[in-house]
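# Structure assessment
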Amino acid sequence: MARSRSETLVQREAKSDDLSGYLVTVLDPTSAASEAYRTLRTSLLYALVDDTPAKVIVVTSPDYSAKGKSTVCANLGVVLAQAGKNTLIVDCDFRRPVLHELFGLHSTRGMVDILVGEHDPREDYQEPLPDSCLKVLAAGTPPPNPVELLGSRRFSEFLASVREEFDYVLIDSPPTGPVSDSAILATQGDGVLLTLDAKKTRKGDVRRSVRSLTAVGANVLGTVMSNAKKQRRRNKIARAKIR
Ligand SMILES: Nc1ncnc2c1ncn2[C@@H]1O[C@H](COP(=O)(O)OP(=O)(O)OP(=O)(O)O)[C@@H](O)[C@H]1O
Ligand SMILES: [Mg+2]
């Protein structure tokens, strides 16, 4: 028998033991890093694509050295929800799924299972924080064919339905360089955020990444730089820029 939505949503108490230390916006909301995520949120709220607000955002990076995609996705989702925006974070990095770990959730069922099964996606939403408009869809069962799944008609239909249901949908994805998953996702989203590491990401890789994304018609909204040089205060998320 189908379970009702209220029965299937996982309601959780926000226990800091469950949350990863990288969920700074929950664990330390007054920190400089949390303030940087709120600045990123403001930029995103004003980001327009063809005069329409960008609401389905793909977070990726040029390569595996530019760490922070999942961390940015999780914290940006938290601050959007803190601003009262109905937000869904979807783990579409089927190769290295970690979003559930950041929020202390399970990944026994998730996005992959929705794409290969018949059930209502809402059965697999999890609510990591109490009294919050944030929902998380974990990756689920690791698939042998991520690219095929993300390019499927069922995935487009899923995105169309969550676009109606939420104010913002944040999609965590693999980097652009080694695999084509994020390019496929980027063509279906409204915009792309690129995470960069000030010390490790090379300019040439950023250029190649932006070129490959724009070649498929994606809108690169901007970059989030981690590991940037200290200015006045220690601030790991030092710059968030959306053009
Ligand atoms: N802003 C940051 N400053 C410093 N280190 C960070 C930052 N964000 C993430 N990290 C470090 O990088 C690790 C990986 O972060 P995260 O999982 O967000 O990266 P990712 O880009 O999603 O990685 P992957 O390519 O494996 O999916 C974290 O465990 C943490 O050690
Ligand atoms: Mg990741």
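Residues numbered from 1 in each chain as written. Chains lettered and ligands numbered in written order. Predicted model: local features only at pLDDT ≥ 70, side-chain atom pairs only at ≥ 80, totals over all residues.

## Quick word on the overall build of the chain
- When you go through the chain residue by residue, the secondary structure sums to 10 helices and 11 strands.
- Looking at the chain residue by residue over its 243 residues, the buried ones come to 45%.
- Considering only contacts within the chain whose residues lie at least 6 apart along the sequence, 76% involve residues at least 24 apart. (Helix = DSSP H or I, 4+ residues; strand = E, 2+ residues; numbered from the N terminus. Buried ≥ 20, exposed ≤ 12 C-beta atoms within 10 Å, placed from the backbone. Contact = placed C-beta atoms within 7 Å.)

## A word on the site of ligand 1
- Lining the immediate environment of ligand 1, one finds 16 residues, of which Lys67, Lys69, Ser70, Thr71 and Ser226 sit closest.
- The greatest single-element share of the shell around ligand 1, amounting to three residues, is contributed by helix H4 (residues 69–82).
- Of the residues that constitute the shell around ligand 1, the class distribution is five nonpolar, six polar and five charged. (Near = placed C-beta within 6 Å. Nonpolar A, V, L, I, M, F, W, Y, C, P; charged D, E, K, R; others polar.)

## A few points about the pairing of strand E9 (residues 191–197)
- By the criterion of burial, E9 is predominantly enclosed, with six of the seven residues buried.
- With four bridges connecting them, strand E4 (residues 56–60) and E9 associate as parallel partners. Residue Ile57 lies in a different strand from E9, and its bridge partner there is Gly191.
- Pairing analysis gives six bridges linking E9 to strand E10 (residues 220–226), with the strands arranged parallel. (Pairing = 2+ DSSP bridges.)

## A look at the environment of Ile57
- For Ile57, the location among the structural elements is in strand E4.
- Looking at Ile57, the number of C-beta atoms within 10 Å reads 23, which means it is buried.
- Sequence-wise, Ile57 and Asp190 are 133 residues apart; in three dimensions their C-alpha atoms are separated by 6.0 Å.
- Residue contacts for Ile57: discarding those within four places in its chain leaves Leu44, Tyr168, Leu170, Ile171, Gly189, Asp190, Gly191 and Leu193.

## Description of helix H9 (residues 181–188)
- Summarising burial for H9: six of the eight residues are buried, a large majority.
- Among the residues of H9, Asp181, Ser182, Ala183, Ile184, Leu185 and Ala186 are the ones counted as buried.

## Re the nonpolar core
- Membership of the largest hydrophobic core comes to 63 residues, with the highest contact counts inside it found for Ile57, Leu99, Val169, Leu170 and Ile171.
- Beyond its immediate sequence surroundings of up to four residues, Ile171 is in contact with Ile57, Val58, Val59, Val90, Cys92, Leu185 and Gly189. (Core = buried A, V, L, I, M, F, W, Y, C linked by C-beta atoms within 7 Å.)

## Concerning unusual backbone geometry
- Positive phi outside glycine occurs at Asp131, with the angle close to 50°.
- Among the secondary structure elements, Asp131 is positioned in the loop between strand E6 (126–127) and strand E7 (134–137).

## Notes on the confidence of the model for the chain
- Confidence in the prediction for the chain averages 87 pLDDT; 86% of positions are at 70 or higher.
- Confidence drops under a pLDDT of 50 for residues 233–239, and excluding neighbours within four residues, the segment shows 16 contacts in the predicted structure. (pLDDT = per-residue confidence, 0-100.)

## Section: the pairing of strand E8 (residues 168–172)
- Most of E8 is tucked away, with five of its five residues classed as buried.
- Across four bridges, the pairing between E4 and E8 is parallel. Looking at the pairing, Val59 lines up with Asp172 of E8.

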